[in-house]
Amino acid sequence: MPGAHLPGAAPQQEPADPHRIKDEVDALLAELGPRAAVSPAENTETGADITRRARILEQAHDVLVDALATVDKI
């Protein structure tokens, strides 16, 4: 990769393994659990529930972004 020889260059990342990535994302999404379709009036999620779900989705997003970054560098 261009610039890989320079001091302080980021180490080479392993190529993205589709099976590992899918397993990681599936595990994170499984933490969300099933969610029944309800109307907004019936929604009883608390702020903590929403924050937890957002954190899990952000982690899944980070896994996918990291995977794309390795694919772009190959």
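Everything numeric in this text was worked out from a predicted model, so none of it was measured. (Residues numbered from 1 in each chain as written. Predicted model: local features only at pLDDT ≥ 70, side-chain atom pairs only at ≥ 80, totals over all residues. Heavy atoms only, no water.)

Colleague: Explanation requested: the pattern of salt bridges in the structure shown.
Modeller: Pairing between side chains of opposite charge can happen when the charged atoms of each approach one another. Throughout the structure, instances matching the rule amount to 2 salt bridges. The shortest N-O distance in the salt bridge between arginine 20 and glutamate 24 comes to 2.4 Å. With arginine 20 and glutamate 24 both in helix α1 (residues 18-32) and 4 residues apart, the pair spans about one turn of that helix. Residue glutamate 24 is classed as partly exposed on the basis of its relative accessible area of 30%. Across the pair lysine 22 and aspartate 26 runs a salt bridge whose closest N-O atoms are separated by 2.6 Å. Of the two residues, lysine 22 and aspartate 26 both sit in helix α1, 4 residues apart, roughly one turn of that helix. Given a relative accessible area of 37%, aspartate 26 falls into the partly exposed group. (Salt bridge = Lys/Arg side-chain N within 4 Å of Asp/Glu carboxyl O. Helix = DSSP H or I, 4+ residues; strand = E, 2+ residues; numbered from the N terminus. Buried < 20%, exposed > 50% of the residue type's maximum accessible area, 1.4 Å probe, protein only.)

That's the geometry; what it means functionally is another story.
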